[in-house]
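# Residue-level structural notes
For reference, the chains in residue letters:
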Amino acid sequence: MRDGGVKRVLDVSPLRRLVPVFPSTPHSAAAPPFVCVSPAGPFPPGVSPFFPFFISNQNALPPSTAGVTPNRYTTSPVNSDDTRRPKSQKRTRGGQDIDVQIDAILDNILASFTNTLRQSDGDKELVRYALLSYDLLRRRISQIEEIKEGVSRIGRSDLRAGTLFMNKGIRTNAKKRIGAVPGVQVGDIFFFRMELCLVGLHAPTMGGIDYMGVKNSSEEEPLALSIVSSGGYEDHMQDGNELIYSGQGGNANNDNRKDKEIKDQKLERGNLALEKSLHRGNDVRVIRGLKDVSNPLGKVYVYDGLYKINESWVDKGKSGANVFKYKLVRLPGAETFPVSLVNDVDGEKGPVHFTYIPSLKYPEPVKLAEPTAGCNCTGGCLPGNSNCLCIQKNGGYLPYNSNGLLVNQKSLLHECGSSCKCSPNCRNRVSQGDLKIRLEVFMTKDKGWGLRSWDPIRAGAFLCEYAGEALNVSGIEKLGDDHADDYSFDATRTCQPLAVLPGDSNEAPNVPFPLHISANTAGNVARFMNHSCSPNVFWQPVLRENKNEADLHVAFYAAAHIPPMTELTYDYGLNPHGKAYQRKKLCLCGSTKCRSFFY
């Protein structure tokens with residue numbers, strides 16, 4: 001700070017320090033500042049147990065030995081005979097079998113939560129409680145086994161705790177189901193396979209494929225519900241949206257012993273369920289097992305969302321055995337990364353009366369004046385394929401390069417759609433994928449909410465589409481009411497093309513019909529992007545092939561390389577028709593090319 005023109009540096013200490021304060025005299029007669037008590041007791045006056053370790057009086061531990069301070073642990077010398085017991089002798093504490101404590105803990109969990117956990121449909125709170133209680137019990141069992149067996153012979157406390165929970169019915173989402181599991185979100189992590197079972201995400205504690213029987217006319221057939229890909233077999237992850245999964249059985253796992261007998265996999269159980277799901281087209285949950293950096297022998301299981309099985313084949317594994325292979329593709333529309341919201345400017349907590357949706361919704365189909373047809377490409381559209389109808393509509397080129405970057409801005413971009421025969425991961429479906437970057441909605445100093453990225457963005461990279469509800473004529477007329485146009489998009493506006501080479505066509509966006517999108521009550525991150533007269537993002541009309549219906553969307557791409565934490569902005573454009581509901585607003589972009597206003 002400055003005082004009379006002289007700079008002074010003040011030594012300001014924090015009001016609170018994270019440093020424990022001990023008595024000045026080690027042998028003070030005063031009571032010790034910290035009380036160390038086992039979670040199971042015994043407890044000194046004024047100290048009570050906490051859930052779920054409180055135990056009824058009849059199961060309470062006897063008082064400690066006379067002469068031992070009740071609020072401190074005592075340790076014997078390492079060489080003391082008191083610490084050695086025969087291995088066959090069952091270790092107890094205070095003359096009471098410690099297993100009784102575990103039963104008491106389970107009874108307390110059941111008594112506190114009654115039958116709520118056993119509901120067929122859970123929620124986020126039930127899932128959280130089941131996992132919290134399970135891990136508390138698992139850690140307690142691990143502590144007990146360490147006493148009974150010794151550190152070198154600790155057993156599987158995770159399996160024992162899970163078995164106790166299952167036997168007592170302490171679980172949620174017990175009913176098997178196809179699709180999403182209530183209370184479990186994409187990105188949720190688990191450290192034990194038993195946790196997947198307790199919340200209804202994946203039932204087998206060992207097997208990689210979970211399935212159930214579904215009646216089909218007169219007979220029952222198995223359908224896959226979920227898979228765990230954790231490195232036990234020769235699985236292969238492609239670009240984050242695809243997974244080549246190896247079937248189960250045989251000796252196709254990563255055991256490379258030379259003396260192993262070669263056994264082919266059979267089309268049965270989980271393999272048959274995956275094959276049936278390929279033909280049925282049902283959703284399959286995918287859980288990925290990753291190495292736990294803090295525990296070399298452990299894994300972290302991440303729920304990766306819903307996939308569909310795209311194709312299957314038989315291949316030779318490393319052992320020489322026949323292995324079933326299944327290609328799974330992530331469902332479009334399920335965004336991979338959550339979006340953060342930050343406000344360090346004022347007290348506003350976020351947008352109200354707003355529902356987050358990932359894509360544009362049409363209240364009713366829009367028919368095209370001229371019917372179109374999708375491509376017949378198998379696998380995916382390839383550059384130079386003159387027979388591909390989608391390439392023909394894009395002027396003879398694929399609009400995206402091999403990295404998924406848009407080559408240049410176009411008046412109208414044609415993407416493959418539902419009427420095309422190419423795969424969901426076709427190179428010409430970029431705007432239909434998930435969020436590939438971590439975005440943050442933040443409060444700006446003078447422009448309200450804005451949008452920025454945690455990650456660097458390459459020029460031409462797809463950011464997101466403008467989600468909301470496509471308006472009909474009556475909906476457009478209501479835009480003049482109050483501030484109904486604050487979060488709306490008019491695809492008939494014009495703006496100067498940004499990503500066009502000199503000499504190339506720089507036509508304004510050419511949409512097949514007037515598209516107006518309202519994101520007032522439902523939308524995605526695009527509604528928070530502010531205007532700039534010198535933007536780093538541009539919008540592009542994208543028409544997806546959908547038989548005779550107009551499946552038109554508005555997609556956003558990076559105009560140049562964008563550093564992390566830079567606000568993302570685009571030019572809202574000009575209105576050539578002078579529509580009355582579009583009001584002039586003061587522009588605060590701060591650009592040297594600022595027009596001082598925008599619509």
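Notes on the structure follow. (Residues numbered from 1 in each chain as written. Predicted model: local features only at pLDDT ≥ 70, side-chain atom pairs only at ≥ 80, totals over all residues. Heavy atoms only, no water.)

### What about the environment of G213?
The condition that has to hold: Put simply, DSSP marks the helices as runs of H or I at least four residues long and the strands as runs of E at least two long, and each gets a number from the N terminus on. Throughout this description, buried means an accessible area under 20% of the type-specific maximum (1.4 Å probe, protein chains only), exposed means over 50%, and partly exposed covers the range between. The contact definition used throughout considers only heavy atoms, calling two residues in contact when any of these lie within 4.5 Å.
For G213, the position within the fold is in strand 4 (residues 209-216). Take G213: its relative accessible area is 37%, and that puts it in the partly exposed class. On a C-alpha basis, the gap between G213 and L223 in space is 6.3 Å, while along the polypeptide they are 10 residues apart. For G213, the contacting residues outside a window of four places in its chain are E220, E221 and P222.

### So, the sheet that holds strand 24 (residues 551-558)
To keep it simple, the criterion reads: Pairing between two strands requires that DSSP report at least two bridges joining them. Axis definition: a line fit to C-alpha positions, over the contact stretch in the case of helices; interaxial angles, taken between N-to-C directions, run 0 to 180 degrees.
Here four strands make up an open sheet; going across it, the order is 14-23-24-17 and the pairing mixed. Only two strands of the sheet have a single neighbouring strand rather than two, namely strand 14 (413-415) and strand 17 (462-465). Direction aside, neighbouring strands of the sheet carry axes that sit 40° apart on average. Alignment of strand 17 against strand 24, held across three bridges, turns out to be antiparallel. Its bridge partner lying in strand 24, C464 is registered against F556.

### Regarding the packing of aromatic side chains
Here a ring pair, both rings aromatic, is described through the centre-centre distance and the interplanar angle of the planes. Heads up, the rule is: Each Phe, Tyr or Trp ring, with Trp reduced to its six-membered ring, pairs with another whose centre is within 6.5 Å; inter-plane angles below 30 degrees give stacked pairs, above 60 give edge-to-face pairs, and intermediate values give tilted ones. Either the NZ atom of lysine or the CZ atom of arginine qualifies as a charge over a ring when it sits within 6 Å of the ring centre and within 35 degrees of the ring normal.
Scanning the entire structure with this criterion turns up 14 aromatic pairs. Judged by centre distance (5.9 Å) and plane angle (80°), the ring pair of F354 and F528 falls under edge-to-face. Residue F354 is found in the loop between strand 11 (340-342) and strand 12 (355-356), and its partner F528 is found in the loop between strand 21 (522-523) and strand 22 (530-531); the two are separated by 174 residues along the sequence. Its relative accessible area of 4% is what places F528 among the buried residues. Members of the aromatic cluster, connected to one another through ring pairs, are Y466, F489, W539, F556, Y570, Y572 and F598. Directly above the ring of Y487 sits R527, whose terminal nitrogen or CZ lies 3.7 Å from the centroid.

### Quick look at the pattern of salt bridges
The condition is simple: In the sections that follow, a salt bridge refers to a side-chain nitrogen of Lys or Arg positioned within 4 Å of a carboxyl oxygen of Asp or Glu.
Under the defined criterion, the tally for this structure stands at 20 salt bridges. With a shortest N-O distance of 3.9 Å, K168 and D107 are connected by a salt bridge. Here the residue K168 occupies a position in helix 3 (residues 157-168), and D107 occupies one in helix 1 (residues 99-113), the gap between them amounting to 61 residues. Given a relative accessible area of 34%, K168 falls into the partly exposed group. Taking the shortest distance from any N to any O, the salt bridge between K276 and E221 comes out at 3.8 Å. Here K276, found in helix 5 (residues 269-280), pairs with E221, found in strand 5 (residues 219-229); they are 55 residues apart in sequence, far enough to count as distant. Judged by relative accessible area, E221 falls into the buried class, the value being 10%.

### A closer look at the side chain of S591
Heads up, the condition is: Polar contact is the term for a pair of N or O atoms within 3.5 Å; when the atoms are in protein, one must be able to donate a hydrogen and the other to accept it, and sequence-neighboring residues count only if both atoms are side-chain atoms.
By the secondary structure assignment, S591 is in the loop between strand 26 (585-586) and strand 27 (597-598). A polar side-chain atom of S591 sits 3.0 Å from the main-chain amide nitrogen of K593.

### A few points about helix 3
Note the following rule: Given a helix with a known number of residues, its expected span is that number minus one, times 1.5 Å. Directions from the helix axis toward the C-beta atoms define the arc.
Taking 1.5 Å per residue as the helical rise, helix 3 with its 12 residues ought to reach 16 Å, and the 17 Å between its terminal C-alpha atoms agrees with that figure. Within helix 3 the residues assigned to the buried category are S157, D158, A161, G162 and F165. Projected onto a plane normal to the axis of helix 3, the buried residues spread over an arc of 125° and lie on a single side. Looking one or two residues beyond helix 3, the residue adopting positive phi is G169, at roughly 75°.

### Here we look at helix 5
One full turn of an α-helix is made of 3.6 residues, so residues set three or four places apart face in the same direction. Look at helix 5: 16 Å from first C-alpha to last across 12 residues, which is about the 16 Å you get at 1.5 Å a residue. Restricting attention to buried positions, one finds in helix 5 the residues G270, N271, A273, L274, E275, S277 and L278. Contact partners of the buried residues in helix 5: strand 4, strand 5, strand 7 (242-246), strand 9 (299-316) and strand 10 (322-330). Just downstream of helix 5, G281 is the residue with a positive phi angle, here 80°.

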